[in-house]
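# A structural walkthrough
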Amino acid sequence: MTADIVLSELTTDDLWVLLQEDLYDGLNEEVVAEVQEALARGEHPQTVLQKGLIAGMDVVSADFRNGVIFVPEVLVAANAMKAGLDVLRPYLSRSESPPIGTVVIGTVRGDIHDIGKNIVAMMLEGAGFEVINLGKNVTVEDFTRAVKAHNAHILGMSALLTTSMPYMKEVIDALAAQGLRERVIVLVGGAPLNEVYAREFGADAYCRDAYEAVHTARRLLHIRLRGDHESG
Ligand code: B1M
């Protein structure tokens, strides 16, 4: 129950705690107000993301894993996360310069987890990429069609389930079969993945989180463009 709390009277540390708790409880309006309050205090949008929203979701993840809460509770928390992210989106994805490259991104077929993927998409936009977000449960055909249609420099795939993760290899194999694999940098991410799986599936790199995704996208695109320049 947060109705009696005056946000402006809280210390910033207490504001983070309240934001995490309200996200956990799925209180969308409160989460929105708390994100706005943090921004109004001059907190950096990435700090709000990290200390408020992601920290709150970490507690949800731990309690889900330990059987303290179940899918319905996770779903309401995920909705509150989405409400908070909607407030942050314009700040995280703001970029004044022309795009430095095009990224197609999506969560693979059989998987509807999209919170992390959407954070990655926003941060890539903020870093100056044009991002085509295909959403969740994306098929091989939709991935390959979008890579072709947008002449993408980078394909990003997300999977949160051990059962959906191998689908990434199907997408990468399809890119190769269509002669597109050499043209596009493939980055993968999501909780069950690691470097070894990424290599096994034929991806160029595994990204542990959104920060690493941005850093890796920039680094590999820079290497690719320099190579093209030198050979052309
Ligand atoms: Co689900 N779920 N879930 N779930 N869920 C997990 C993934 C699980 C690990 C929980 C657990 O049991 N401990 C487990 C998977 C077990 C496994 O396969 N190993 C699980 C399960 C089992 C399920 C269901 C099967 C449950 C059921 O129905 N019985 C079901 C599956 C539905 C389906 O997809 N077909 C299901 C459903 C759901 C909800 C719908 C309720 C909801 C998703 C809502 C949504 O996304 N819109 C949900 C949630 C929220 C979770 C947990 C609790 C949290 C995931 C999350 O949002 N994390 C999750 C527990 C966990 O992950 N430990 C769990 C916060 C987010 C910021 O982090 O997504 O890791 P993350 O993203 C990070 C990085 O991974 C990385 O950067 C992001 C930001 O820093 N990253 C990328 C991610 N994608 C990237 C792509 C890139 C680069 C980096 O490309 C370049």
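Residues numbered from 1 in each chain as written. Predicted model: local features only at pLDDT ≥ 70, side-chain atom pairs only at ≥ 80, totals over all residues. Heavy atoms only, no water.

### What about the overall build of the chain?
- The secondary structure content of the chain amounts to 9 helices and 5 strands.
- When the elements of the chain are put in sequence order from the N terminus, they spell out α-α-α-α-β-α-β-α-β-α-β-α-β-α.
- A compact globule built from 232 residues should have a C-alpha radius of gyration of about 17 Å, and the chain, at 19 Å, falls within 12% of that.
- Looking at the 232 residues of the chain, the share that counts as buried comes to 45%.
- Counting every atom, the chain has about 11,900 Å² of accessible surface; 52% of that belongs to carbon and sulfur.
- Counting 20 positive and 33 negative side-chain charges, the chain places the averaged centre of each group 11 Å from the other. (Helix = DSSP H or I, 4+ residues; strand = E, 2+ residues; numbered from the N terminus. Rg over C-alpha atoms; globule rule 2.2 N^0.38 Å. Buried < 20%, exposed > 50% of the residue type's maximum accessible area, 1.4 Å probe, protein only. Areas by Shrake-Rupley, 256 points an atom, 1.4 Å probe, with all protein chains shown as cover. Lys, Arg positive; Asp, Glu negative; His and termini not counted. Charge placed at Lys NZ, Arg CZ, Asp CG, Glu CD.)

### Concerning the nonpolar core
- Among the nonpolar cores identified, the biggest contains 47 residues, and Leu23, Val35, Leu53 and Phe129 are the most heavily contacted of them.
- Ranked by the residues each element gives to this core, the list is headed by helix 4 (residues 71–92), at 9 residues.
- Mapped onto the domain boundaries, this core takes at least three residues apiece from domain 1 (7–94) and domain 2 (102–231).
- Phe129 has contacts with Pro99, Ile100, Gly101, Val103, Leu124, Ile154, Ala217, Arg218 and Leu221, leaving out every residue within four places of it along the chain. (Core = buried A, V, L, I, M, F, W, Y, C linked by side-chain atoms within 4.5 Å. Domains from an automatic or database assignment. Contact = heavy atoms within 4.5 Å.)

### So, the domain arrangement of the chain
- By domain assignment, the chain separates into domain 1 (7–94) and domain 2 (102–231).
- Using only C-alpha atoms to locate each centre, domain 1 and domain 2 end up separated by 26 Å.
- Taken together, the contact pairs 12 residues of domain 1 with 7 residues of domain 2.
- A combined buried area of about 900 Å² lies between domain 1 and domain 2, and 71% of that area is made up of carbon and sulfur atoms.
- Put simply, domain 1 and domain 2 have 0 salt bridges between them.
- Elements with a contribution of two residues or more to the side of domain 1 that touches domain 2: helix 3 (45–65) and helix 4. (Buried area = accessible area lost by both parts, 1.4 Å probe. Salt bridge = Lys/Arg side-chain N within 4 Å of Asp/Glu carboxyl O.)

### Some details on the coordination of the cobalt atom of the ligand
- Counting protein donors to the cobalt atom of the ligand gives just one, His113 (NE2), placed at 2.2 Å.
- Following the sequence through the fold, His113 ends up in the loop between strand 1 (102–107) and helix 5 (115–126). (Donors = N, O, S within 2.8 Å, 3.2 Å for Na, K, Ca; no water.)

### Let's talk about helix 5
- The end-to-end C-alpha distance of helix 5 is 17 Å, a good match for the 16 Å that 12 residues give at a rise of 1.5 Å each.
- Buried within helix 5 are the following residues: Lys117, Asn118, Ile119, Val120, Ala121, Met122, Met123 and Leu124.
- Looking one or two places after helix 5, you find Gly128, whose phi comes out positive at around 105 degrees. (Expected span 1.5 Å × (residues − 1).)

### Points about the pairing of strand 4 (residues 185–189)
- Across the 5 residues of strand 4, 5 count as buried, placing the element largely inside the fold.
- By the bridge criterion, 5 bridges tie strand 3 (residues 154–158) to strand 4 in an arrangement that is parallel. In the strand pairing of strand 4, Ile154 is matched with Ile185.
- Taking the sense of rotation as the criterion, the β-α-β connection linking strand 3, helix 7 (residues 167–177) and strand 4 turns out right-handed.
- As defined by bridge partners, strand 4 adjoins strand 5 (residues 205–207) across 3 bridges and the pair is classed as parallel. Pairing of Gly189 across the sheet is with Cys207, part of strand 5. (Pairing = 2+ DSSP bridges. Right-handed = clockwise from strand over helix to strand, strands pointing away.)

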